[in-house]
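Chain and residue survey
Here is what each chain is made of, one letter per residue.
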Amino acid sequence: MFSKLPLQAVRGAASAIRTHQIPGHRLPLAKYGGRHTVCALPGDGIGPEMIAHIRNIFSFCHAPINFEEVQVSSSLLDGDMDAALLAIERNGVAIKGNIETKHDDPQFTSRNVELRTKLDLYANILHCVTIPTVPTRHTGIDIVLIRENTEGEYSGLEHETVPGIVESIKIVTREKIERISRMAFEYAKANGRKKVTAVHKANIQKLGDGLFLKVVREMSEEYKDIKFEAMIVDNASMQLVSKPQQFDVMVMPNLYGNIISNIACGLVGGPGLVSGMNLGDKYAVFETGTRNTGTSLAGKDIANPTAFIRASVDMLRYLGCHYHANIISDALWKALVDQRIHTADIGGQNSASDVVNATLQNIEKLMEEHPKH
């Protein structure tokens, strides 16, 4: 049922940021002549330059990937979203930059949310892990965050009944809670994880979050070897910033997952380090974990490319390209940890190009040491 990783030499702690096994059956994707075609959505801000870095890395290590680039941005262009959806449906997989959401325009619907809901990408998965040379308040963090990605407060059902009174409707369903719960426990099982923590607010939202808690608890009965606990979201936030090492796998409804994921990313060094997977039964979209556009950094060669590189590694793992996924991941680890090539956001003075170039040099050495057979 699960994609198996090849038995290759693991170079020290570099395995810490290797992509985990991804539960579920993978459907046949766009693959021709031994090469996969994936959709690239550069998005806004730093997205276009980061996609260019990924193209460079893939070309350098001969990863068997062809890109079909489709532009979708915060500027509403007629038909651009339809073109993007069609390309993802055709190829099955996409890597994307973030698309800015104009929060000051009530008529502007988040295009990121639209992609996730129309493609039914119901699971958002982040792996937040300590990188030894990145300065943080905590060490020893290794948390997987699994967020329901299609309903809850993100249902987008809001209206102003009379001037000054707004109703915002939160929709949750047993069906979608069950599948995100199963994803969390199957993920834990596949990767030898010991505990799943359900984050909720059932003490106040007794029906909506009460159903979430009830369903996850019922699901836990099928996985006796995995410890289950539940934690109210405000306490979970406090526990996360005071003793994050206690958490293993966390499963959450949509809004809490967004907040908790950003806290966890901050704990391991910030938005430039963590990637995010958006998975459904048919399609998958890979991006940065915190979904920032980084508009103020665009064009300056200073944005940390680590999160985008890790997103590309996640995509390679999903596609079964394990050799290239491991080579790129280990080369990046060597650049960050052994060579301490750090951008300004994590206390360094290097450029984005410095990180990419060091990774390329490391890829070359690793491919010489471990040629693909």
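About the criteria used
- Residues numbered from 1 in each chain as written.
- Predicted model: local features only at pLDDT ≥ 70, side-chain atom pairs only at ≥ 80, totals over all residues.
- Heavy atoms only, no water.
- Helix = DSSP H or I, 4+ residues; strand = E, 2+ residues; numbered from the N terminus.
- Polar contact = N/O pair within 3.5 Å; in protein donor to acceptor, adjacent residues only side chain to side chain.
- Phe/Tyr/Trp six-rings, centres within 6.5 Å; stacked < 30°, edge-to-face > 60°.
- Buried < 20%, exposed > 50% of the residue type's maximum accessible area, 1.4 Å probe, protein only.
- Expected span 1.5 Å × (residues − 1).
- Pairing = 2+ DSSP bridges.

Some thoughts on the side chain of N149
- With respect to the helices and strands, the residue N149 is situated in the loop between β6 (142–148) and β7 (152–162).
- Polar contacts involving the side chain of N149 include one to the side chain of R116, which spans 3.2 Å.
- In this structure the side chain of N149 is engaged in a polar contact, spanning 2.9 Å, whose partner is the side chain of N278.

Digging into the packing of aromatic side chains
- Scanning the entire structure with this criterion turns up four aromatic pairs.
- Ring centres 5.2 Å apart and planes at 15° place the aromatic pair F185 and Y223 in the stacked group. Pair noted here: F185 is in helix α4 (residues 174–190) and Y223 is in the loop between α5 (208–220) and β10 (227–232), with a separation of 38 residues, a long-range link.
- Under the relative-accessibility criterion, Y223 is labelled buried at 7%.
- Consider the rings of F286 and Y318, whose centres lie 5.6 Å apart with planes at 65°: the pair is edge-to-face. Of the two residues, F286 sits in strand β13 (residues 284–288) while Y318 sits in helix α8 (residues 306–318), which places them 32 residues apart along the sequence.
- Three or more aromatic residues link up through ring pairs in this structure, and these residues are F185, Y223 and F228.

Notes on α8
- Along its 13 residues, α8 runs 18 Å from first to last C-alpha, staying within 8% of the 18 Å computed at 1.5 Å per residue.
- The element α8 is extensively covered by neighbouring structure, given that 13 of its 13 residues are classed as buried.
- A positive phi of about 85° marks G320, the residue just after α8.

Considering the pairing of β7
- Strand direction decides the pairing type here: β7 and strand β8 (residues 165–171), joined by six bridges, are antiparallel. Directly across from E158, in β8, lies its bridge partner S168.
- As consecutive antiparallel partners, β7 and β8 are separated by two residues, and within that stretch G164 has a phi angle of approximately 95°, a positive value.

In short, the description is geometric, and any link to function would need to be established separately.
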